[in-house]
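Below, each chain spelled out in residue letters.
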Amino acid sequence: MANEEKREVLLSVRGMEVCFGKRRQRFKAVDDVSFDIYRGETFGVVGESGSGKTTIGRAIIRIHPMTRGEVLYRGQRINGRISRELDREVTRRIQMIFQDPMASLNERAKVDYIVAEGLYSSGVKYTRAEREAKVSKALSDVGLLPEFASRFPHEFSGGQRQRIGIARALIMEPEFIIADEPISALDVSIRAQVLNLMSELQKQRGLTYLFISHDLSVMKFVCDRIAVIHKGVMVELADCEQLFRHPLHPYTRALLSAVPMPDPRREKDKEIFVYDPAMHDYSVDKPRWVEIEPGHFVRGNEKELAEYRENVLK
Amino acid sequence: MSEPILSVRGLNVMFNLRGKRLHAIRGVDLDVMKGESLAIVGESGSGKSVFVKTFMGLLDANGWIDSGEITYNGEKLTDYKTEKQWLKIRGGEIAMVLQDPMTSLNPLKTIGAQIIEAIELHRPLRGRQSYEEMLSLLRDVGIPEPERRAKQYPHEFSGGMRQRVVIAIAVACRPKVLICDEPTTALDVTIQAQILGLIRSLKAKYNLTTVYITHDLGVVANVADRIAVMYAGDIIEIGTCDEVFYDPKHPYTWALLSSLPQLGEKGENLYSIKGTPPNLFAEVKGDAFAPRNPQALKIDFVKRPPYFEVSPTHKAKTWLLDPRAPKIEPPESVRKLAAEGVSGFGE
C-alpha cells in the first residue's frame, strides 16, 4: 500500500479476549485477537459458525463484555467503564446491521418507530417534526418510500426488511457499521441489491464497515482486508487480493476450497480441503503471529512459516 | 440417461388465499430421468417448493392441482385421492430433505429412535436388525461413534450433523428419488460443501435420482447434471449444467448468473434484478419476466413464448430465440464466465 501513512486508524482492537460461563464451564470464545480498521475501508472477518466472529463484532459494540484487552475508537478506549458522554458518542458513531431481517425487527412497532428508536435514546431531544424528517430521509436513502413509515414490518419482503435494518443504523449518522452476515438470509437476487446499497452508502458517506461472514465469495467482492478466525484465534490477516492469491494458513485454504463456484468445469475437478487442527505440531515449536509479506500476517511455528515464505515467493 | 422416472405434463397448481385465487404453477412440463441429478433454481416465491411438494401430495390444504398430470413409474399420482395411497409413495419411493435441520427433527426423541422409526415404517426389519441398520446408516452419512450418538437428542448435534441425520432418515426407507429442498441454505460454506458431497456419494451408493431445489446457482454447478430455471411458476429454461452456465439463453437466467458476487468486479455494482416478481393473483400476460427485463421486446408483453429448442437437451422460453428476434447479447459477466470461467480464488 502506497498511502500507508495517510490512512487513519479508526478502530483498534488490542488483545481482545471474551469468555463465557464461569469456572469449570468457562469457555474462551475469542482469544487474544488484535487488529486495526482504517477509516473508509471494509474490513472482513471470516470463519465458520462457532469461530467467534460474531462475538468479536458484539464485543466491539459492547453487547458482550471483554475479559481482557481493549478497544480503541479514534485512539480512545471505549470498552469497560467510560464516561456517559463518551458512551452516547460511541453509541451514535457505531451501529450494527443484523443477519436475519425476519427476526431483527420489532413486529409490533411501525417502521417509523423502528427506524427512529435510536434517536429516542440518543440523549438529544428531537421534536416530532425533526424526527419524522430524519426517518423519511433515512428511508429514502436506502431506497424505500417515506410512506412506508406508517406500516408494520410484516408487510415487507426480506430485502425491504433488510433495508429497514440499514435505515435504522443510518439515522444515527454513524461512521462505523458492523454488518453481521447482512446477506446470508437473503435470496441471491436480493443479495446483490443489499451489497450495492452498502457500497453506495460507503462511497457517499465515507462509512467504514466491519463485515462478518462465513462466505469468502462475498468477501472477495466487498472487503479491502480480511481476517480469518478459527476457534476464537486469528490465523491469517491480509489484503483481499493477497489472501485470495496466496492463502497460506491451511484453514484459510479449507474455507477457500469450500466456496461454491458457478462454473461446472472448475467444480468438476475441485477438491475440498478439510482443515484438521491436529495437523499442527505446536508441542515444542510454539506458533507466532508474523508479518510474512507487507500487510499479510499469518499464525504458525518456525517450520510452517518457512513453508509459507516459500509459497509467497511463488 | 434412460427413461423418465417421474414425468409432469401441463401441471397447474392453484391456491385459495382469502377468497382470491393464486396461480402458483402455470403449466409446467418436466421429465426427471432415472438416475440423474436435477436442480431446480429460482427466487423465493417462484414456486419451486410448491412444485416438488405436488410429487408427494404435500400441498397445503388450500392448494390443489387444477389440471395436468404427474406420473411416477407408470403410476398416475394425480389420480391419488386418499392419504393411504400417498403413503406408498412418501418416504418409500420419494423422500425429501428439508431446508432447516433445526426444525425437521423431533426434539423429544433420540436420533436413533427417529431413524429406526423410518426404517420400520417402510422395511421388514425389526429389533436388532433395524438397530444395526440404523448404525450403518449413521456411518454412511459420516457421523462418528454411531453407538453413542444414536442415544443423543437433536439439541446435542450441530447444524451440519443434524442435516446428516435428516439425510439418514430420508435414505433409511430406500427411496428411488431424493428431493433436497435447499439442503444447505442454513449451513456454513464448509459444511455446505461436505453435505453436498455426502448427498452425491449416497446417490451413487443407493442409485438415487436426486432433485435439488435452491435459489443459488453457485451451489449447483458441482452437483447437478441438468438445471431447470423456474420463474413465476414456470420452467423458463432447462438444459445440462454446462449449457445453462456457459450458454444461457433466457434473460432471467442471465440476470441470476450476473447477480452472483463470484462473478462481480470489485468496486463496480453487482447486477441486480429490478422490481419484484409478478403478482400471481392476476393473470400473467406474455413473458412473466418482461416487466423486469430492461431489454424486453414488444412481443414479450403480449404473447407467452413457447419453448424454443437450442439443442436436444436445452430449451428456453424466450422470444429472443425466435428467428425474427433482434440479436441481444448476454451481459458481459455471463460471456466472461463462458470464455474464462471464474478466477481469482487461490490457485
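Residues numbered from 1 in each chain as written. Chains lettered and ligands numbered in written order. Predicted model: local features only at pLDDT ≥ 70, side-chain atom pairs only at ≥ 80, totals over all residues.

Please explain the overall build of chain A as it appears in this structure.
Secondary structure assignment for chain A yields eleven helices and twelve strands. The C-alpha radius of gyration of chain A comes to 21 Å, within 12% of the 20 Å expected for a compact globule of 314 residues. Taking all 314 residues of chain A together, 46% fall into the buried category. For chain A, the share of sequence-separated contacts (at least 6 apart) that also reach a separation of at least 24 residues comes to 65%. (Helix = DSSP H or I, 4+ residues; strand = E, 2+ residues; numbered from the N terminus. Rg over C-alpha atoms; globule rule 2.2 N^0.38 Å. Buried ≥ 20, exposed ≤ 12 C-beta atoms within 10 Å, placed from the backbone. Contact = placed C-beta atoms within 7 Å.)

What am I meant to see in the overall build of chain B here?
Along the backbone of chain B there are eleven helices and twelve strands. Against the globule reference of 20 Å for 347 residues, chain B gives a C-alpha radius of gyration of 21 Å, in line with a compact fold. Principal-axis analysis of the C-alpha atoms places the extent of chain B at approximately 70 × 55 × 40 Å. Expressed as a percentage of its 347 residues, the buried residues of chain B come to 46%. For chain B, restricting intrachain contacts to residue pairs at least 6 apart in sequence, the fraction spanning at least 24 positions comes to 64%.

Before we go on, may I ask you to explain the interface of chain A and chain B in this structure?
You'll often see interface size given as the accessible area lost when the parts meet. Contact with chain A, which involves 33 residues of that partner, is made by 39 residues of chain B. Looking at the side of chain A that touches chain B, the element that brings in the most residues is helix H6 (residues 188–205) of chain A, giving six residues. For the side of chain A that touches chain B, the residue count by class is 17 nonpolar, six polar and ten charged. (Nonpolar A, V, L, I, M, F, W, Y, C, P; charged D, E, K, R; others polar.)

Just to check I follow, could you spell out the domain arrangement of chain B for this structure?
Residue and element names in this part refer to chain B. As assigned here, chain B comprises domain 1 (33–63 + 82–224) and domain 2 (250–340). Spacing between the C-alpha centres of domain 1 and domain 2 amounts to 33 Å. With six residues of domain 1 at the interface, the matching set in domain 2 holds five residues. Its residues placed into classes, the side of domain 1 that touches domain 2 shows two nonpolar, three polar and one charged. (Domains from an automatic or database assignment.)

Could you clarify how one ought to interpret the pairing of strand E2 (residues 20–33) of chain B in this entry?
In the case of a regular strand, side chains alternate between the two sheet surfaces. Residue and element names in this part refer to chain B. Strand direction decides the pairing type here: strand E1 (residues 4–17) and E2, joined by eleven bridges, are antiparallel. Bridged to Leu17 within E2 is Lys20. The antiparallel pairing of E1 with E2 creates a hairpin that spans two residues between the two strands, and Arg18 there sits at a positive phi of about 45 degrees. (Pairing = 2+ DSSP bridges.)

Which parts of the structure should I look at to understand the sheet that holds strand E10 (residues 234–240) of chain B?
Across a sheet, paired strands are connected by hydrogen bonds in the backbone, their directions being either parallel or antiparallel. All names here are of chain B. With mixed pairing, the eight strands of this open sheet are ordered in space as E6-E7-E8-E3-E9-E10-E12-E11. In the strand order of this sheet, the two ends are held by strand E6 (94–97) and strand E11 (308–311), each with one partner. Between one strand axis and the next, the sheet turns through 20 degrees on average, direction left out of account. As paired elements, strand E9 (residues 226–231) and E10 share six bridges and run antiparallel to each other. From the neighbouring strand, Ile227 faces E10, where its bridge partner is Gly239. Across the sheet, helix H6 (residues 159–172) lies against E6 and strand E7 (177–181), angled at about 175 degrees from E6, the strand it touches most. (Axes fitted to C-alpha atoms, helices over the stretch in contact; angles between N-to-C directions.)

What am I meant to see in the confidence of the model for chain A here?
One rule of thumb: low pLDDT means the predicted coordinates there are not for detailed reading. Overall, the prediction assigns chain A a mean pLDDT of 87, with 98% of residues at 70 or greater. Predicted confidence in chain A is weakest over helix H10 (residues 264–268) of chain A, with a mean pLDDT of 82, and strongest over strand E3 (residues 42–46) of chain A, with 94. (pLDDT = per-residue confidence, 0-100.)

What is the right way to look at the nonpolar core in this model?
Generally speaking, nonpolar side chains in soluble globular proteins are found buried as a group. Grouped together as the largest cluster of nonpolar side chains are 185 residues, with contacts concentrated most on A:Val115, A:Ala167, B:Ile115, B:Ala168, B:Val220 and B:Val229. For this core, the element with the most residues is H6(B), which contributes nine residues. Each of two domains, domain 1 (33–63 + 82–224) and domain 2 (250–340) of chain B, supplies a minimum of three residues to this core. Once residues within four sequence positions are removed from consideration, B:Val229 is found in contact with B:Val41, B:Gly42, B:Ile235, B:Ile236, B:Glu237, B:Val244, B:His250, B:Tyr252, B:Thr253 and B:Leu256. (Core = buried A, V, L, I, M, F, W, Y, C linked by C-beta atoms within 7 Å.)

Sorry, what's going on with helix H4 (residues 128–141) of chain A here?
Along an α-helix, residues three or four positions apart point the same way, because every turn accommodates 3.6 residues. All names here are of chain A. Look at H4: 20 Å from first C-alpha to last across 14 residues, which is about the 20 Å you get at 1.5 Å a residue. Along H4, the residues classified as buried are Val135, Ala138 and Leu139. Buried residues of H4, seen end-on, are gathered within an arc of 100 degrees and therefore sit on one face of the element. Along H4, exposed side chains directed more than 90 degrees from the buried face belong to Ala129 and Glu130. Those residues of H4 hidden inside the fold are in contact with helix H3 (111–120) and helix H5 (158–170). Residue Gly143 follows H4 closely and has a positive phi angle near 85 degrees. (Expected span 1.5 Å × (residues − 1). Arc of directions from axis to C-beta.)

Whenever I open this one, the sheet that holds E1(B) confuses me. Can you help?
Pairing within the open sheet is antiparallel, and its four strands lie in the order E2-E1-E4-E5 (chain B). Two strands bound the open sheet, and with one partner strand each, they are E2 and strand E5 (75–76) of chain B.

Just checking my understanding: could you explain the packing of helix H3 (residues 111–122) of chain B against H6(B) for this structure?
Axes are the key here: two packed helices are described by the angle between their axes and the distance separating the axes. Residue and element names in this part refer to chain B. With their axes 8 Å apart at the nearest point, H3 and H6 run at an angle of 20 degrees to one another. In terms of orientation, H3 lies roughly parallel with respect to H6. The interaxial crossing formed by H3 with H6 has right-handed handedness. Note on element contacts: H6 touches H3 through Val165, Ala168, Ile169 and Ala172, opposite Ile111, Gln114, Ile115, Ala118 and Ile119. Split by residue class, the contact of H3 with H6 holds eight nonpolar, one polar and no charged. (Parallel < 35°, antiparallel > 145°, perpendicular 65-115°, else oblique. Left-handed = near helix turned anticlockwise from the far one by under 90°.)

When you look at the environment of B:Trp319 in this model, what are you seeing that I'm missing?
Residues and elements named next belong to chain B. Tracing the sequence through the fold places Trp319 in the loop between strand E12 (314–316) and helix H11 (332–340). Judged by C-beta crowding, with 22 C-beta atoms within 10 Å, Trp319 ranks as buried. Between the alpha carbons of Trp319 and Ala296 there is a distance of 9.3 Å; along the sequence they are 23 residues apart.

Looking at this model, I keep getting lost on the environment of A:Glu85. Mind explaining?
All names here are of chain A. In this fold, Glu85 is placed in helix H2 (residues 84–93). On the basis of neighbour count, Glu85 is assigned to the exposed category, with 9 C-beta atoms found within 10 Å. In this structure, the C-alpha to C-alpha distance between Glu85 and Tyr308, residues 223 residues apart in sequence, is 47 Å.

Explain unusual backbone geometry to me, please; I cannot follow it from the model alone.
As a rule of thumb, non-glycine residues mostly have phi less than zero, and peptide bonds are mostly trans rather than cis. A positive phi is found at A:Glu181, a non-glycine position, where the angle reads about 50 degrees. Looking at where A:Glu181 falls in the secondary structure, it is placed in the loop between strand E7 (176–180) and H6. The phi dihedral of B:Asn207 falls on the positive side, at around 55 degrees, and the residue is not glycine. In this structure, B:Asn207 sits in the loop between helix H7 (189–206) and strand E8 (209–214). Judged by C-beta crowding, with 11 C-beta atoms within 10 Å, B:Asn207 ranks as exposed.

Even after reading the chapter, I still don't get the confidence of the model for chain B, so can you show me in this structure?
In this model, chain B carries a mean pLDDT of 88, and residues with pLDDT of at least 70 account for 99%. For this predicted complex, the interface confidence reaches an ipTM of 0.82, while the overall pTM sits at 0.87.

Can you walk me through the packing of H3(A) against H5(A) in this structure?
All names here are of chain A. Two elements in contact, H3 and H5, have axes whose closest approach is 7 Å; the angle formed by their N-to-C orientations is 35 degrees. Contacts from Val111, Ile114, Val115, Glu117 and Gly118 in H3 reach Ile164, Ala167 and Arg168 in H5. Class assignment of the residues belonging to the contact of H3 with H5 gives a composition of five nonpolar, one polar and two charged.

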